[in-house]
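Examining the three-dimensional arrangement
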Number of protein chains: 2
Amino acid sequence: MTSHTHQTAPTRYADANGIRFAYRRFGKAGGVPLVFNMHFMGTMDHWDPAVTDGFAKDREVILFNNAGVSSSSGKVPGSFAEMGANAIAFVRALGLGQVDLLGFSIGGLVAQETALRAPDLVRRLVLVGTGPRSGESMDTGTPEGKAIFGATYADPDDLWLRVHFTPSEASQAKGRAFVERIRLRSESRDPAVTPEAALAQRAAIAKWGAKRENAWDYLKEIGQPALVVNGSNDVIIYTVNSFILQQHLPNAQLILYPDSAHGSLYQYPELFVRHVSTFLDQKQWA
Amino acid sequence: MTSHTHQTAPTRYADANGIRFAYRRFGKAGGVPLVFNMHFMGTMDHWDPAVTDGFAKDREVILFNNAGVSSSSGKVPGSFAEMGANAIAFVRALGLGQVDLLGFSIGGLVAQETALRAPDLVRRLVLVGTGPRSGESMDTGTPEGKAIFGATYADPDDLWLRVHFTPSEASQAKGRAFVERIRLRSESRDPAVTPEAALAQRAAIAKWGAKRENAWDYLKEIGQPALVVNGSNDVIIYTVNSFILQQHLPNAQLILYPDSAHGSLYQYPELFVRHVSTFLDQKQWA
């Protein structure tokens with residue numbers, strides 16, 4: 001297994017909760033694996049090999065599709081609490097007692113729910129381009145996000161240039177390099193997320209984002225060391241939501257990158273891997 | 001010179017602008033030196049040797065007292081623009097063409113003014129526990145800061161336990177270790193900052209913090225790569241000011257640490273040195 005990379009790791013399957021979860025697993029085995037939780041409309045093929053292979057040098061990487069997404073069976077449930085329960089079932093089906101979680105965008109919501117529901121299963125959390133329950137503009141979605149997801153694109157991958165990168169020339173150049181990288185895998189690529197699955201994800205986002213009293217109190221229950229990461233100008237889930245996460249989680253570090261958007265991890269993949277590795281390998285935290 | 005450390009580096013003097021600047025210089029010569037700009041009421045002896053010697057392994061470190069502070073001659077001027085001009089005169093008096101600047105608290109205001117007035121002199125900026133002109137509660141000072149600086153302490157160093165660390169047991173333990181470290185130097189210690197100098201610093205802070213229209217536009221003129229660092233709960237210069245700096249500087253990264261206050265660099269010295277070194281050594285930035 002350790003000889004595999006992002007490009008060559010076969011899609012495998014694990015059964016739990018009546019769902020057949022598709023996953024790929026590669027990298028250096030023996031430590032705590034890092035489990036990747038994907039964004040809205042994303043599959044395993046949307047992860048950047050510069051990120052996943054970057055981590056795989058030092059640790060085991062596990063990509064998976066949650067229930068109802070792409071090559072996994074089942075239906076996308078109506079809430080992130082249920083998606084978290086499915087993620088827990090998947091991790092346990094692999095026989096793992098403890099993992100680190102990386103959650104990107106709505107994958108960060110799944111990661112939070114996973115940590116809340118199975119605190120012993122989660123060692124550390126990396127929350128990228130995400131936010132808290134009732135975060136700013138997370139109920140309705142942002143106007144920028146609506147325009148970006150509502151537009152049509154000559155090439156479907158061009159959507160991600162606008163979702164993940166800023167309009168600056170430097171950021172767009174990094175975006176084009178990213179799009180090239182996610183096209184590199186040629187074997188057994190994941191099917192696209194269905195419109196039904198995307199709609200179900202959107203409904204769950206609206207529920208997560210709904211305004212509540214004392215909405216951020218639940219973050220005090222997530223005691224794991226957490227690293228919150230975002231771009232300076234995320235217009236999909238506003239950057240201020242990352243600041244809110246850091247301020248309300250009991251044990252969180254925040255890193256924001258310059259001239260970057262929702263996909264800051266794809267704009268600065270080497271720096272991101274370095275920062276996250278420093279965080280995951282840190283002996284003492286506070 | 002490279003054989004010296006924080007504890008053994010002699011206090012030397014450089015003359016410029018009619019001021020005799022006291023400084024200490026040590027570490028690995030040959031690259032771009034890192035010049036440290038100190039906080040309110042601080043002298044060279046208030047820097048943490050875990051930080052300065054941490055950097056000195058890989059780069060040259062220069063500590064100095066600005067005009068009117070401790071072992072330097074002259075008067076503390078009425079504005080940070082003038083303090084920046086003095087810092088520039090000091091750096092040029094050493095014959096240096098380019099430096100990196102680390103500014104802590106009001107040292108961060110001096111560093112910003114230095115970068116604005118002499119952009120070619122400053123390669124990169126590290127801004128710790130600081131804020132922008134007209135930053136939140138920077139005109140009046142925070143109520144917490146007034147209480148902390150207004151109290152009396154059995155041991156004068158106990159002041160710094162409250163300024164730099166949170167009330168948590170873990171943070172206070174780190175604070176006591178820090179206080180031990182800053183007492184280690186036995187040779188030619190700096191005299192305390194005089195009440196007159198502290199009052200002049202305070203007057204300059206009120207002027208810097210005064211509310212202005214479009215107060216943060218000036219940050220767009222600071223094009224250098226910048227790393228903004230703070231604790232999660234800085235009550236001297238509120239943490240949100242670090243977020244504001246990052247959001248308005250054109251090329252800035254932000255790092256916030258958990259359960260930490262104004263002196264986050266002293267609470268996590270190893271991690272801080274590692275993050276800052278990564279930033280300073282980065283080949284490509286954006």
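Residues numbered from 1 in each chain as written. Chains lettered and ligands numbered in written order. Predicted model: local features only at pLDDT ≥ 70, side-chain atom pairs only at ≥ 80, totals over all residues. Heavy atoms only, no water.

Side note on the side chain of Thr 11 of chain B
Residue and element names in this part refer to chain B. As a reminder, the rule being used: For the purposes of this entry, the term helix denotes a DSSP run of H or I that reaches at least four residues, the term strand denotes a run of E that reaches at least two, and both are numbered from the N terminus. Definition of a polar contact: a pair of N or O atoms within 3.5 Å, with one able to donate and the other able to accept a hydrogen when the atoms are protein atoms, and with sequence-neighbouring residues admitted only if both atoms are side-chain atoms. Only heavy atoms matter for contacts: two residues are in contact if any of them lie within 4.5 Å across the pair.
Tracing the backbone through its elements, the reader meets Thr 11 in the segment before strand S1 (12-16). Among the polar contacts listed, one links the side chain of Thr 11 to the side chain of Arg 24, at a separation of 3.0 Å. Beyond its immediate sequence surroundings of up to four residues, Thr 11 is in contact with Ala 22, Tyr 23, Arg 24, Met 44, Arg 185 and Ser 188.

Examining the packing of aromatic side chains
Residues and elements named next belong to chain A. Formally: Here is the rule: rings of Phe, Tyr and Trp (six-membered ring for Trp) pair when centre to centre is within 6.5 Å. Planes less than 30 degrees apart are stacked, more than 60 are edge-to-face, and the remainder are tilted. Each residue is placed in one exposure class: buried if its accessible area under a 1.4 Å probe, protein chains only, is under 20% of its type's maximum, exposed if it is over 50%, and partly exposed if it falls in between. Here, a charge over a ring means that NZ of Lys or CZ of Arg falls within 6 Å of the ring centre while also lying within 35 degrees of the ring normal.
Counted according to the given criterion, the structure contains 33 aromatic pairs over all chains. Judged by centre distance (5.0 Å) and plane angle (85°), the rings of Phe 36 and Trp 47 are edge-to-face. Of this pair, Phe 36 sits in strand S3 (residues 34-37) while Trp 47 sits in the loop between S3 and helix H1 (49-56), placing them 11 residues apart in sequence. The buried category is assigned to Phe 36, whose relative accessible area is 0%. By relative accessible area, Trp 47 is classed as buried at 0%. Taking the centre distance of 6.2 Å and the plane angle of 85° together, the rings of Trp 208 and Tyr 218 count as edge-to-face. On the criterion of sequence distance, the pair formed by Trp 208 in helix H7 (residues 195-209) and Tyr 218 in the loop between H7 and strand S7 (226-231) is long-range, its members being 10 residues apart. Per residue, the accessibility class of Trp 208 equals that of Tyr 218, and both read buried. Directly above the ring of Tyr 218 sits Arg 133, whose terminal nitrogen or CZ lies 4.0 Å from the centroid.

Here's the deal with helix H7 (residues 195-209) of chain B
Residue and element names in this part refer to chain B. Which entries qualify depends on this criterion: Helix span, expected: 1.5 Å multiplied by one less than the number of residues in the helix. Summarising the geometry, the arc corresponds to the directions from the helix axis toward the C-beta atoms.
Between its first and last C-alpha, H7 extends 21 Å over 15 residues, near the 21 Å set by a 1.5 Å rise per residue. Residues of H7 that are buried: Ala 197, Ala 198, Ala 200, Gln 201, Ala 204, Ile 205, Trp 208 and Gly 209. End-on view of H7: buried residues confined to an arc of 170°, all on one side of the axis. Residues of H7 that are exposed and point over 90 degrees away from its buried face: Pro 195, Glu 196 and Leu 199. Residues of H7 that are buried in the fold lie against helix H2 (80-93) and helix H3 (106-117).

What to know about the relation of the copies chain B and chain A
Two chain copies, one operation linking them: a rotation about an axis together with a shift along it. Operational definition: Least-squares superposition aligns the copies on the C-alpha atoms of those residues with pLDDT at or above 70 in both.
Rotating chain B by 180° and moving it 0.0 Å along the rotation axis overlays it on chain A with an RMSD of 0.0 Å. Given the turn and translation reported, the copies of this chain are related as if by a two-fold rotation axis. Distance from the rotation axis, computed per C-alpha, reaches its smallest value in chain B at Ile 255 of chain B: 2.3 Å.

A look at the pattern of salt bridges
Stated precisely, the cut-off is as follows: One speaks of a salt bridge when a side-chain nitrogen belonging to Lys or Arg is within 4 Å of a carboxyl oxygen belonging to Asp or Glu.
The tally for this structure, following the rule as stated, stands at 18 salt bridges over all chains. Residue Asp 45 of chain A pairs with Arg 24 of chain A through a salt bridge whose shortest N-O separation is 2.8 Å. With Asp 45 of chain A in the loop between S3 and H1 and Arg 24 of chain A in strand S2 (residues 19-27), this residue pair connects regions lying 21 residues apart in the sequence. Accessibility assignment for this pair places Asp 45 of chain A and Arg 24 of chain A in one class, buried. A salt bridge links Asp 157 of chain B to Arg 183 of chain B; the nearest nitrogen and oxygen atoms lie 2.8 Å apart. With Asp 157 of chain B in the loop between helix H4 (143-150) and helix H5 (158-164) and Arg 183 of chain B in the loop between helix H6 (169-182) and H7, this pair connects stretches of sequence that are 26 residues apart. The class of Asp 157 of chain B is buried, set by a relative accessible area of 17%.

Re the interface of chain B and chain A
Convention followed: In short, DSSP must find at least two bridges between two strands for them to pair.
Facing the 24 residues of chain B at the interface are 24 residues of chain A. Applying the counting criterion to the chain B and chain A interface returns 0 salt bridges. Listed by contribution, the elements that provide at least two residues to the side of chain B that touches chain A are helix H8 (240-248), strand S8 (252-257) and helix H10 (269-281) of chain B. The pairing of strand S8 (residues 252-257) of chain A with S8 of chain B spans 3 bridges and is classified as antiparallel. Bridge assignment links Leu 256 of chain A to a residue of S8 of chain B, and that residue is Leu 254 of chain B.

Brief notes about the UniProt feature "domain: AB hydrolase-1" (unreviewed entry) in chain A
Our working rule: UniProt positions are given in the numbering used here, feature names are shortened, and annotations may be inferred rather than shown by experiment.
As annotated by UniProt and renumbered to match this structure, "domain: AB hydrolase-1" (unreviewed entry) occupies residues 40-266 of chain A. As annotated, residues 40-266 of chain A comprises 40% helix and 13% strand, and the C-alpha atoms at either end are separated by 16 Å.

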